[in-house]
Amino acid sequence: MALLEIHDLVYETNAHHAARILDGLSLSVEGGEVHALIGTNGTGKSTLASVIMGCEGYGATSGDVAFDGKSLAGLKVHERARLGITMAWQEPVRFEGITVNQYLLLRRDSGDPAQYLELVGMSAQRYEGRMVDRSLSGGERKRIELASLLALQPKLAILDEPDSGIDMLSTQDIINVIAAFKAGGSAVLLITHREEIAAIADRASQLCGGRIVCTGNPAKVAEHYKARHCDICTGRECHYV
Amino acid sequence: MSELEELTACFGSAGGDVKALADAGFAHLAASGHRILSSRTVEGLEVRARETWNGISAQVTVKKGVKLQHPVHMCFGVLHKKGTQKIAMRVKLEEGASAHFIAHCIFPKAEKVRHIMDATVSIGEGAEMRYSETHYHGPHGGVTVVPKLSVQVGRNGRYFTDFTLTTGRVGKLDIDYTVEAGENAVAELTARVFGHATDDIHIRDKVLLAGKNSRSIIKTRVAIEDDATAEVTGITEGNAEGARGHVDCMEIVKDRAVARAVPIVQVNDPGAKVTHEAAIGSVDKRQMETLMAHGLSPEEAVDVIVKGILK
């Protein structure tokens, strides 16, 4: 049984201006697997992440999302987090009055935040006392978010474009972070537009028109994506490449 | 137990540094109601405090070029259920002086207490003053706090003030601060207040950027819950070339509480620039979901966010 099983998921926005964003999407992520999700802008990748996490306004219209064999229907964000799912948003929010150290130890009485900062390429000495507020750059804030997720040691981490806002030279740092999740036993659902990041996944899926159109080896899925086969795929069953 | 011992004990239990009051190296002034209980000065600091027919009057002067090594502690309070405390204070920092004043205002049992402060501050050329005022209130909400402050910051002078009332019930709060900043002067005004039940909060901070290249920021953080109300008015006038001011107000509202923010920015010189931002409403949804994705319950998440902005 897969860790995350999504079956025939439909998500529509509110009734007044209903738009179907996810249209019968099915996807599975195995325990400990890094699974990349690729697709053009507006295909529903971030929406899917929010539906899995149970964010407000992102309840499934139909279909089912199961985690560790249990349906997540009706569970709130923190209840899903306590089952082992967590998420890093594409643009992490800032918090006044909370230090990096405190942020890395949320819901934990003790621990060593330094090791998690080092895993995301940050100096503990320089950052532990800093506030998680606007004094941090976008890239710094993003790294701290990733460190905080590593500290949680989740069963599944959903990373929505962890590479956006990170400088080109630091791509390897992101790859190292994803490897650290995997080494710690976490599965990763990795949303990315960068081929070199997707390449480190065990498997990849291409999302198009609110459905998964193909799944398989990351290089082959990327090739399929770049060949713009999407129009052909839409309306067909998901196939493996 | 003497009144001073009681005031000191309350101060200590509220988190204050009791040793600082006993240490000969630290200047202090302690008063309960209209009685001066204790005072000490240090070299370069002149304190003339006396009891008047309707309150306490104090003149504080930091002499030219003197940089006080330790903060000056001012411990004010009304320890009984009912009472009034009126304080009239004149503070002067002479040219090049530097001092940090910490006022602890303690009202642990207040059911019907009025605390009124009327202060004027004069900061000389190149002088720097920090003023931190922290209130420790009991649970009854029977305190009326009316601090009125008028500050003149001279050329190259710096003034920083920080008002905190996050422990116990606020009661009724009516802050009225006005700061006039001279050439190259800097003023920073910060207030943090947490209101509950029927607390009524009014904060009015005004900065006049009168001198060339003067700078200021007014920062207000208020959280209110239950049936509390808050109105925050942040006023900045840019009246000289190169003046830069910013007004930053954040109010978090829960339950039936009502908040209002009134930023007033005015520029009277084309070379000045004043900006403002205000955020009022319930706790930010994305902040909540981010903390909940870390496993915090909605209640724990709100607590972390509110404590953070009031820190």
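Residues numbered from 1 in each chain as written. Chains lettered and ligands numbered in written order. Predicted model: local features only at pLDDT ≥ 70, side-chain atom pairs only at ≥ 80, totals over all residues.

## Structural notes on the overall build of chain A
Part 1 of the argument: Helix and strand counts for chain A stand at 10 helices and 11 strands.
Part 2 of the argument: Taken against the 2.2 N^0.38 rule, which gives 18 Å for 241 residues, the C-alpha radius of gyration of chain A at 18 Å falls within 12% of a compact globule.
Part 3 of the argument: A principal-axis box enclosing the C-alpha atoms of chain A has dimensions of 55 × 40 × 35 Å.
Part 4 of the argument: Among the 241 residues that make up chain A, the fraction classed as buried is 45%. (Helix = DSSP H or I, 4+ residues; strand = E, 2+ residues; numbered from the N terminus. Rg over C-alpha atoms; globule rule 2.2 N^0.38 Å. Buried ≥ 20, exposed ≤ 12 C-beta atoms within 10 Å, placed from the backbone.)

## Some thoughts on the overall build of chain B
Part 1 of the argument: In terms of helices and strands, chain B carries four helices and 19 strands.
Part 2 of the argument: Expressed as lengths along the three principal axes of its C-alpha atoms, the size of chain B is roughly 55 × 55 × 35 Å.
Part 3 of the argument: For chain B, buried positions account for 47% of its 311 residues.
Part 4 of the argument: By sequence separation, contacts in chain B at least 24 residues apart represent 78% of the contacts at least 6 residues apart. (Contact = placed C-beta atoms within 7 Å.)

## Section: the nonpolar core
Part 1 of the argument: A147(A) and L190(A) are the most contacted members of the largest nonpolar core, which has 170 residues in total.
Part 2 of the argument: Among residues more than four places away in sequence, those in contact with A147(A) are L104(A), Y116(A), L117(A), L119(A) and V120(A). (Core = buried A, V, L, I, M, F, W, Y, C linked by C-beta atoms within 7 Å.)

## As for the pairing of strand β1 (residues 4–12) of chain A
All names here are of chain A.
Part 1 of the argument: Direction of pairing for β1 relative to strand β2 (residues 20–29): antiparallel, over a ladder of seven bridges. Paired with E5 across the bridge in β2 is S28.
Part 2 of the argument: Of the strand pairs in this sheet, β1 and strand β4 (residues 62–67) are connected by five bridges, and their pairing is antiparallel. Bridge pairing in β4 places V10 opposite S62. (Pairing = 2+ DSSP bridges.)

## Some remarks on the sheet that holds strand β17 (residues 244–253) of chain B
Residue and element names in this part refer to chain B.
Part 1 of the argument: Judged by pairing direction, the sheet is mixed, and its 10 strands sit side by side in the order β2-β1-β5-β7-β9-β11-β13-β15-β17-β19 without closing on themselves. Looking at which strands have only one partner, the edges of the open sheet turn out to be β2 (35–40) and β19 (273–281). Across the sheet, the mean angle from the axis of one strand to that of its neighbour is 5°, orientation sign disregarded.
Part 2 of the argument: One ladder, built from 10 bridges, connects strand β15 (residues 215–224) with β17; its direction is parallel. Considered in β17, the bridge of V222 is made with E251.
Part 3 of the argument: The strands that helix α4 (residues 298–310) touches are β11 (158–167), β13 (186–195), β15 and β17; relative to β15, the one it contacts most, it runs at about 150°. (Axes fitted to C-alpha atoms, helices over the stretch in contact; angles between N-to-C directions.)

## Some remarks on the packing of helix α3 (residues 285–292) of chain B against α4(B)
Residues and elements named next belong to chain B.
Part 1 of the argument: Viewed as axis vectors pointing N to C, α3 and α4 meet at an angle of 120°, and their least axial separation amounts to 9 Å. The orientation of α3 with respect to α4, classified from their angle, is oblique. In terms of crossing hand, the pair formed by α3 and α4 is right-handed. Between α3, through Q287, M288, L291 and M292, and α4, the contact on the second element is made entirely by P298, A301, V304 and I305.
Part 2 of the argument: Here the residues of the contact of α3 with α4 sort into seven nonpolar, one polar and no charged. (Parallel < 35°, antiparallel > 145°, perpendicular 65-115°, else oblique. Left-handed = near helix turned anticlockwise from the far one by under 90°. Nonpolar A, V, L, I, M, F, W, Y, C, P; charged D, E, K, R; others polar.)

## A short note on the pairing of strand β7 (residues 156–160) of chain A
All names here are of chain A.
Part 1 of the argument: β7 sits mainly inside the fold: five of its five residues count as buried.
Part 2 of the argument: Residues L156, I158 and D160 point to one face of β7 and A157 and L159 to the other, with burial holding for every one of them.
Part 3 of the argument: In this sheet, β7 lies alongside strand β6 (residues 85–88) in parallel orientation, the contact comprising four bridges. Bridging from a neighbouring strand, T86 pairs with A157 of β7.
Part 4 of the argument: Note: β7 against strand β8 (residues 187–191), five bridges, orientation parallel. Bridged to I158 within β8 is L189.

## Overview of the sheet that holds strand β12 (residues 172–181) of chain B
All names here are of chain B.
Part 1 of the argument: Across the sheet, nine strands lie side by side as β3-β4-β6-β8-β10-β12-β14-β16-β18; this open sheet has mixed pairing. Edge positions in the sheet fall to β3 (45–52) and β18 (258–267), since each of these pairs with one other strand and no more. Shown here is a sheet whose adjacent strand axes are inclined to one another by a mean of 5°, direction ignored.
Part 2 of the argument: In terms of strand pairing, strand β4 (residues 55–62) meets strand β6 (residues 82–93) through seven bridges, oriented parallel. When the sheet's bridge partners are listed, T61 is paired in β6 with K92.

## Structural notes on the interface of chain B and chain A
Part 1 of the argument: Across the boundary between the two partners, chain B contributes 20 residues, which contact 20 residues of chain A.
Part 2 of the argument: When residues of the side of chain B that touches chain A are traced back to their parent elements, those giving at least two are α3 and α4 of chain B.
Part 3 of the argument: For the side of chain B that touches chain A, the element with the most residues is α3(B), which contributes seven residues.
Part 4 of the argument: Per-class residue counts for the side of chain B that touches chain A are eight nonpolar, six polar and six charged.

## As for unusual backbone geometry
Residues and elements named next belong to chain B.
Part 1 of the argument: Although it is not a glycine, N184 sits at a positive phi angle of roughly 60°.
Part 2 of the argument: N184 sits in the partly exposed class, given 19 other C-beta atoms within 10 Å.
Part 3 of the argument: Of note, D226 is a non-glycine position whose phi angle comes to about 60°, a positive value.
Part 4 of the argument: With respect to the element layout, D226 can be found in the loop between β15 and β16 (229–238).

## Regarding the environment of V18(B)
Residue and element names in this part refer to chain B.
Part 1 of the argument: With respect to the helices, strands and loops of the structure, V18 is situated in helix α2 (residues 18–22).
Part 2 of the argument: On the basis of neighbour counts, which here come to 12 C-beta atoms within 10 Å, the residue V18 falls in the exposed class.
Part 3 of the argument: With 10 residues separating them along the chain, V18 and T8 place their C-alpha atoms 6.6 Å apart.
Part 4 of the argument: Filtering out sequence-adjacent residues up to four positions away, V18 remains in contact with T8, F11 and G12.

By themselves, these are just geometric observations and shouldn't be taken as functional.
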